[in-house]
Amino acid sequence: MAEELHIQAKDKEGKYRELLPQIKALLDGEPDRIANMANVAAALKSAMCFFWVGFYLVKDEELVLGPFQGPVACTRISKGKGVCGTAWEKRNILIVEDVEKFPGHIACSTLSKSEIVVPLYNSQNEIIGVLDVDSDQLNAFDTVDAQYLENILQLL
Ligand code: SME
């Protein structure tokens, strides 16, 4: 496909619905997971106007910063630390309405107000990383984001 996204919907679910097949086409035939993560981060950042979108990848019992779009971010996160490390430890999607109210939240930017973290699994059902999406608005994420972001991660 042409490396260009076309999103016409104005509402969040509509944008995701239009974006999903375009991401699918973008990744189709490309086996390199890092390259695909880079394009997923870029597609989500530009189509959904998120503040920060990126992957942290499990390496030697830590999460290490992977492909991302947005301001510079912290490089390593331990298991159980911050929203990302907690989602990894609990094997759960975490939606944080107000990051200041999440005990142990790791503030990479003071502009980040709410966040969603979705674990990324391999075919053995092991977590190999997480997708972290931050918004500069409070309460920006809900089950619609959780569902579509999970669907997008299944393409990786
Ligand atoms: N806020 C995350 C850290 C990563 S940055 O937001 C990019 C956390 O608490 O895990």
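Residues numbered from 1 in each chain as written. Predicted model: local features only at pLDDT ≥ 70, side-chain atom pairs only at ≥ 80, totals over all residues. Heavy atoms only, no water.

Looking at the pattern of salt bridges
Point 1. Throughout the structure, instances matching the rule amount to 4 salt bridges.
Point 2. We note a salt bridge from E62 to R76, for which the minimum N-O separation is 2.9 Å. Of the two residues, E62 sits in strand β2 (residues 62-69) while R76 sits in strand β3 (residues 76-78), which places them 14 residues apart along the sequence.
Point 3. Here R76 falls in the exposed class, since its relative accessible area comes to 53%.
Point 4. Where salt bridges share partners, they join K12, D142 and D145 into one cluster. (Salt bridge = Lys/Arg side-chain N within 4 Å of Asp/Glu carboxyl O. Helix = DSSP H or I, 4+ residues; strand = E, 2+ residues; numbered from the N terminus. Buried < 20%, exposed > 50% of the residue type's maximum accessible area, 1.4 Å probe, protein only.)

So, the sheet that holds β3
Point 1. One open sheet accounts for 6 strands, arranged β3-β2-β1-β6-β5-β4; its pairing is antiparallel. Each edge of the open sheet carries a strand with a single partner, namely β3 and β4 (94-96). On average, each strand axis in the sheet is tilted by 25° relative to the strand beside it, whichever way the strands run.
Point 2. Looking at chain direction, β2 and β3 are connected through 3 bridges and run antiparallel. Its bridge partner lying in β3, L63 is registered against I77.
Point 3. Along the sheet, helix α4 (residues 143-153) contacts β1 (52-59), β4, β5 (114-121) and β6 (127-135); its crossing angle with β5, the most-contacted strand, is approximately 30°. (Pairing = 2+ DSSP bridges. Axes fitted to C-alpha atoms, helices over the stretch in contact; angles between N-to-C directions. Contact = heavy atoms within 4.5 Å.)

A word on the packing of helix α1 (residues 12-27) against helix α2 (residues 33-48)
Point 1. Put simply, α1 and α2 touch, their axes get as near as 11 Å, and they point 155° apart. It follows from the interaxial angle that α1 and α2 lie roughly antiparallel. Taken as a pair, α1 and α2 cross one another with a handedness that is right-handed. Facing α1, whose interface residues are K12, K15, Y16, L19, I23, L26 and L27, α2 presents N36, N39, V40, A43, L44, A47 and M48.
Point 2. A per-class count over the contact of α1 with α2 returns 10 nonpolar, 2 polar and 2 charged. (Parallel < 35°, antiparallel > 145°, perpendicular 65-115°, else oblique. Left-handed = near helix turned anticlockwise from the far one by under 90°. Nonpolar A, V, L, I, M, F, W, Y, C, P; charged D, E, K, R; others polar.)

What to know about the environment of E30
Point 1. Relative to the elements of secondary structure, E30 occurs in the loop between α1 and α2.
Point 2. In the structure, E30 is positioned 104 residues away from D134 in sequence and 27 Å away in space, judged by C-alpha atoms.

Brief notes about the pairing of β6
Point 1. The buried fraction of β6 is high, at 9 of 9 residues.
Point 2. Bridge analysis of β1 against β6 gives 6 bridges, and the strand direction is antiparallel. Of the residues in β6, the one forming a bridge with L57 is G129.
Point 3. Where β5 meets β6, 8 bridges bridge the pair, whose relative direction is antiparallel. Residue pairing for β6: I116 is matched across the bridge by V133.

Concerning the site of the ligand
Point 1. In the vicinity of the ligand lie 13 residues, with V83, C84, I106, E115 and D134 positioned nearest.
Point 2. For the ligand, an oxygen atom lies 3.4 Å from a polar atom in the side chain of D132.
Point 3. Burial of the ligand by the protein chains amounts to 99% of its free accessible area of 310 Å².
Point 4. Only β1, α3 (82-90) and β6 provide two or more residues apiece to the shell around the ligand.
Point 5. Of the residues assigned to the shell around the ligand, the class counts are 8 nonpolar, 2 polar and 3 charged. (Near = heavy atom within 4 Å. Polar contact = N/O pair within 3.5 Å; in protein donor to acceptor, adjacent residues only side chain to side chain. Areas by Shrake-Rupley, 256 points an atom, 1.4 Å probe, with all protein chains shown as cover.)

Quick word on the pairing of β1
Point 1. In terms of residue burial, β1 counts as a mostly covered element, since 6 of its 8 residues are buried.
Point 2. As defined by bridge partners, β1 adjoins β2 across 6 bridges and the pair is classed as antiparallel. By the bridge assignment for β2, G54 is matched with F68.
Point 3. Connecting β1 to the next strand, β2, in antiparallel fashion are 2 residues, including D60 with a positive phi near 50°.

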